[in-house]
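Below, each chain spelled out in residue letters.
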Amino acid sequence: QVQLVESGGGLVQAGGSLRLSCAASGPTFPTMGWFRQAPGKERELVAAIRWSSGRTIYADSVKGRFTISGDNAKNTVYLQMNSLKPEDTAVYYCTTGGTIATLARGYWGQGTQVTVSS
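Fair warning: this is a prediction, and the values are worked out from it, not measured in the lab. (Residues numbered from 1 in each chain as written. Predicted model: local features only at pLDDT ≥ 70, side-chain atom pairs only at ≥ 80, totals over all residues. Heavy atoms only, no water.)

1. Focus on the overall build of the protein chain
- When helices and strands are tallied, the protein chain shows 0 helices and 11 strands.
- For the protein chain, the sequential pattern of α-helices and β-strands runs β-β-β-β-β-β-β-β-β-β-β.
- Against the 2.2 N^0.38 benchmark of 13 Å for 118 residues, the protein chain shows a C-alpha radius of gyration of 13 Å, consistent with a compact globule.
- By principal-axis analysis of the C-alpha atoms, the protein chain measures approximately 40 × 25 × 25 Å.
- Within the protein chain, residue pairs in contact and separated by at least 24 positions form 56% of the contacts whose partners lie at least 6 positions apart.
- If you sum the accessible surface of the protein chain, you get close to 6,000 Å²; carbon and sulfur atoms cover 47% of it.
- Here the protein chain holds 11 positive side-chain charges and 7 negative ones, and the gap between their average locations is 5 Å. (Helix = DSSP H or I, 4+ residues; strand = E, 2+ residues; numbered from the N terminus. Rg over C-alpha atoms; globule rule 2.2 N^0.38 Å. Contact = heavy atoms within 4.5 Å. Areas by Shrake-Rupley, 256 points an atom, 1.4 Å probe, with all protein chains shown as cover. Lys, Arg positive; Asp, Glu negative; His and termini not counted. Charge placed at Lys NZ, Arg CZ, Asp CG, Glu CD.)

Structure (structure tokens):
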């Protein structure tokens, strides 16, 4: 059974930074990533990484500000978020699965709240 535990969320002022962490226990999968969902908005894939190739993808809204990284051996992924904006406010979920395209159908953590004040 796969369990994902996120940490690092919180309240930060616009322009600030946060680093989210996610530790997965159980079997390892080829891909890990982060989704987010704000109230009244659709879920959005923020960033993902495929371990074997190191390939990363980012939502256009976070390119240049967020960086995904991690340690495949430790089954841990991070999301460094810089230059945060109020529109980044959301619950952030860690996920793991087979491919970036199917990540949403993989395993999910409970989520961590990120709130950016203006």
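Moving on, there is more to tell.
2. Side note on the nonpolar core
- Formed by 27 residues in total, the largest nonpolar core has its most connected members in Trp 34, Leu 79, Met 81 and Tyr 92.
- Elements that contribute at least two residues to this core include exactly strand S3 (18–25), strand S4 (31–37), strand S5 (44–50), strand S7 (66–71), strand S8 (76–81), strand S9 (90–97) and strand S11 (112–117).
- Those residues within four positions of Tyr 92 in sequence are excluded, and the remaining contacts are Glu 6, Leu 20, Trp 34, Phe 35, Arg 36, Val 46, Phe 66, Leu 79, Met 81, Gly 111, Thr 112 and Val 114. (Core = buried A, V, L, I, M, F, W, Y, C linked by side-chain atoms within 4.5 Å. Buried < 20%, exposed > 50% of the residue type's maximum accessible area, 1.4 Å probe, protein only.)

3. Description of the pattern of salt bridges
- Inspection of the entire model under this criterion finds 4 salt bridges.
- In this structure, Asp 88 and Arg 65 form a salt bridge, with 2.7 Å as the shortest nitrogen-oxygen distance. Residue Asp 88 is found in the loop between S8 and S9, and its partner Arg 65 is found in the loop between strand S6 (56–58) and S7; the two are separated by 23 residues along the sequence.
- Arg 65 sits in the buried class, given a relative accessible area of 10%. (Salt bridge = Lys/Arg side-chain N within 4 Å of Asp/Glu carboxyl O.)

4. A word on the environment of Thr 31
- Looking at the element boundaries, Thr 31 is found in strand S4.
- Given a relative accessible area of 0%, Thr 31 falls into the buried group.
- In contact with Thr 31, other than residues within four places in its own chain, are Ile 49, Arg 50, Trp 51, Thr 95, Thr 96, Gly 97, Gly 98, Thr 99, Ile 100 and Leu 103.

5. Concerning the state of the cysteines
- Here the structure, examined in full by the defined rule, presents 1 disulfide.
- The residue that forms a disulfide with Cys 22 is Cys 94, at a sulfur-sulfur distance of 2.0 Å. Taking the sign of the torsion about the S-S bond as the criterion, the disulfide between Cys 22 and Cys 94, at about -80 degrees, is left-handed. Of the two residues, Cys 22 sits in strand S3 while Cys 94 sits in strand S9, which places them 72 residues apart along the sequence. (Disulfide = S-S within 2.5 Å.)

In short, shape yes, function no, at least from these values alone.
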